[in-house]
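# Chain and residue survey
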Amino acid sequence: MPFTVLFYIFVAVTVVQVIYFLCFSFFAFSKQKKITTSTQKPVSVIVYTKNNSDELNKNLPFIINQNYEDFEIILINHASSDDSLELMEKIQHENSIVKIVNVENKEAFWGNKKYALTLAIKAASNNHLLFFDINGKTVSNDWILEMSKCFYNNKTIVIGHKKLAFKKHSFSNMFFRYANFFTALKMFSYAKLGFPFKAYQNNFGYTKNDFFKVNGYINHIKIHVGESDLFLKDIATIKNTSVCTTYNSFVEEQKIVTLKDYFLEQRKQTILFSHYTLKNRFLLSFFNATKAIFYLLLIYFLIQKWEVSIPFIISYFLIQYIVIGKAINKLKEQNLLYFLPILDICYVISFIFIFFTNRISKPTPWK
């Protein structure tokens, strides 16, 4: 009897996983809509910095040298203790498109990034806003052009992609890039299906009109995370949200992620998860739960009676390879496909570990 029950559970979770992958295929096999326009929208690029003078020197030229006619750069100096402000003033003197917003900590908003971003948004001259992280770089000088194209018709929110830095001969780097890829896969797929839940703050766009329509970050100003995700929860719909996945719209984070960085970030993500809509929490949790159960029962049946599970195993991995392979190619992470089963198993182990770690020790908000 237990064997039969476990087999039915195995079949059920396999079917659920296949359905998820079929949903992911809407993104994986979709083509970026070609949008042609004779005019360029005025754009304000908002760059947040806090003690990032080295990164300013290294990465700001990627924005200054964009192939775009009408844009300004809003540099936020958020109470930096290094020479960031002096460097910004030098850059501003050399580039008329640069505007500085110098933010001092106030007791009510101590260390709150959302407060600093709000001041920058108010200072922006243009309605269309793009957000960029000074710790990264654009992969192309056409980043603004590609992202701004996605502001069309009623589309006032644009979700872009963030790649992680590549490191040769490093399995951990490959795993972190796979985990980031899978986050992007869910992020873009759910947005296309009408359930947007996440955006990378360092490659994100929306309008000032949308920002003030929901009174900015007022609904979650006391939560020191989620300036993109929780804003999406307040304003995003299938009608006003678009995704931009052309290669020239990508940004690349230049810091090499460590194991400590990864697990700390995943634990912090737990804080955000509790504030997502019930629908998105269910979709994300059910996917992880059925994926974990699938692998656990896969091991059981391979040991006990492997022949009965073979058709389901083949179906699962075949569909996974097709969908994931297409999405990996689309997001330019092709070398991940060669290690897909190993990376996928590590991915499952990581979120199981994080789940139980969070049960033992609750993550706390950070500033």
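Residues numbered from 1 in each chain as written. Predicted model: local features only at pLDDT ≥ 70, side-chain atom pairs only at ≥ 80, totals over all residues. Heavy atoms only, no water.

The subject of this paragraph is the overall build of the chain. What the chain contains, in helices and strands, is twelve helices and ten strands. Against the globule reference of 21 Å for 367 residues, the chain gives a C-alpha radius of gyration of 22 Å, in line with a compact fold. Along the longest, intermediate and shortest principal axes, the C-alpha atoms of the chain span 75 × 50 × 45 Å. A burial count over the chain gives 51% of its 367 residues as buried. (Helix = DSSP H or I, 4+ residues; strand = E, 2+ residues; numbered from the N terminus. Rg over C-alpha atoms; globule rule 2.2 N^0.38 Å. Buried < 20%, exposed > 50% of the residue type's maximum accessible area, 1.4 Å probe, protein only.)

Here we take up the pattern of salt bridges. Scanning all chains against the criterion turns up eleven salt bridges. Residue K149 is joined to E146 by a salt bridge in which the shortest nitrogen-to-oxygen separation is 3.6 Å. With K149 and E146 both in helix α5 (residues 143-149), this residue pair falls three residues apart, about one helical turn. For K149, a relative accessible area of 27% puts it in the partly exposed group. Each of the salt bridges in this network shares a partner with another, and the network as a whole consists of K163, R177 and E333. (Salt bridge = Lys/Arg side-chain N within 4 Å of Asp/Glu carboxyl O.)

Our focus in this paragraph is the pairing of strand β4 (residues 128-133). Of all six residues that make up β4, five are buried, and the element is covered over most of its length. Relative to β4, strand β1 (residues 43-49) runs parallel, the two sharing six bridges. Bridge pairing links S44 to L129 in β4. Here five bridges tie β4 to strand β8 (residues 203-207), and the two strands are oriented antiparallel to one another. Within β8, the position partnered with L129 by the bridge is Y206. (Pairing = 2+ DSSP bridges.)

Only a minority of non-glycine residues have a phi that is not negative, and only a minority of peptide bonds are not trans. Positive phi, close to 55 degrees, is recorded for H169, a residue that is not glycine. Tracing the backbone through its elements, the reader meets H169 in the loop between β7 (162-164) and α6 (171-192). Judged by its relative accessible area of 85%, H169 is exposed.

The next point concerns the sheet that holds strand β6 (residues 157-159). The strand order across the open sheet built from seven strands is β3-β2-β1-β4-β8-β6-β9, with neighbouring strands paired in mixed fashion. Two strands in the sheet have a free side with no partner beyond their single neighbour: β3 (98-103) and β9 (241-243). The mean angle between the axes of side-by-side strands here comes to 20 degrees, regardless of whether they run parallel or antiparallel. Strands β1, β2 (71-78) and β4 of the sheet are contacted by helix α2 (residues 53-64), whose axis makes an angle of about 155 degrees with β2. (Axes fitted to C-alpha atoms, helices over the stretch in contact; angles between N-to-C directions. Contact = heavy atoms within 4.5 Å.)

Let us look at the pairing of β8. Across the five residues that make up β8, a large majority, five, are buried. Neither face of β8 is exposed, since N203, G205 and T207 on one face and F204 and Y206 on the opposite face are all buried. In the sheet, β6 pairs with β8 via three bridges, with the strands oriented antiparallel. Bridge pairing in β8 places V158 opposite G205.

This part covers the environment of I238. Within the element layout of this structure, I238 appears in the loop between α8 (229-235) and β9. A relative accessible area of 44% places I238 in the partly exposed class. Considering only alpha carbons, one finds I238 and S315, 77 residues apart in sequence, at a separation of 31 Å. If we ignore the near neighbours within four places in the chain, the residues touching I238 are K155, K192, L193 and G194.

Moving on, we get to the nonpolar core. With 85 residues, the main nonpolar core has F24, I46, I159, F181, F182 and Y206 as its most contacted residues. The dominant element in this core, judged by the number of residues it contributes, is α6, at 13 residues. What F24 contacts, discounting residues up to four positions off in sequence, is F182, L185, K186, S189, Y190, F287 and V323. (Core = buried A, V, L, I, M, F, W, Y, C linked by side-chain atoms within 4.5 Å.)

The next thing to look at is the environment of T270. Secondary-structure assignment places T270 in helix α9 (residues 259-273). Residues T270 and I328, spaced 58 residues apart in sequence, show a C-alpha to C-alpha distance of 26 Å.

Before going further, it helps to spend a moment on the packing of α9 against helix α12 (residues 340-360). Between α9 and α12, the least distance of the axes is 10 Å, while the angle of their chain directions is 60 degrees. Regarding the angle of α9 to α12, the classification is oblique. Here the hand of the crossing between α9 and α12 comes out right-handed. Of the residues in α12, those touching α9 at Y262, F263, Q266, R267 and T270 are S350, F353, I354, T357 and N358. Here the contact of α9 with α12 is built from residues that sort into four nonpolar, five polar and one charged. (Parallel < 35°, antiparallel > 145°, perpendicular 65-115°, else oblique. Left-handed = near helix turned anticlockwise from the far one by under 90°. Nonpolar A, V, L, I, M, F, W, Y, C, P; charged D, E, K, R; others polar.)

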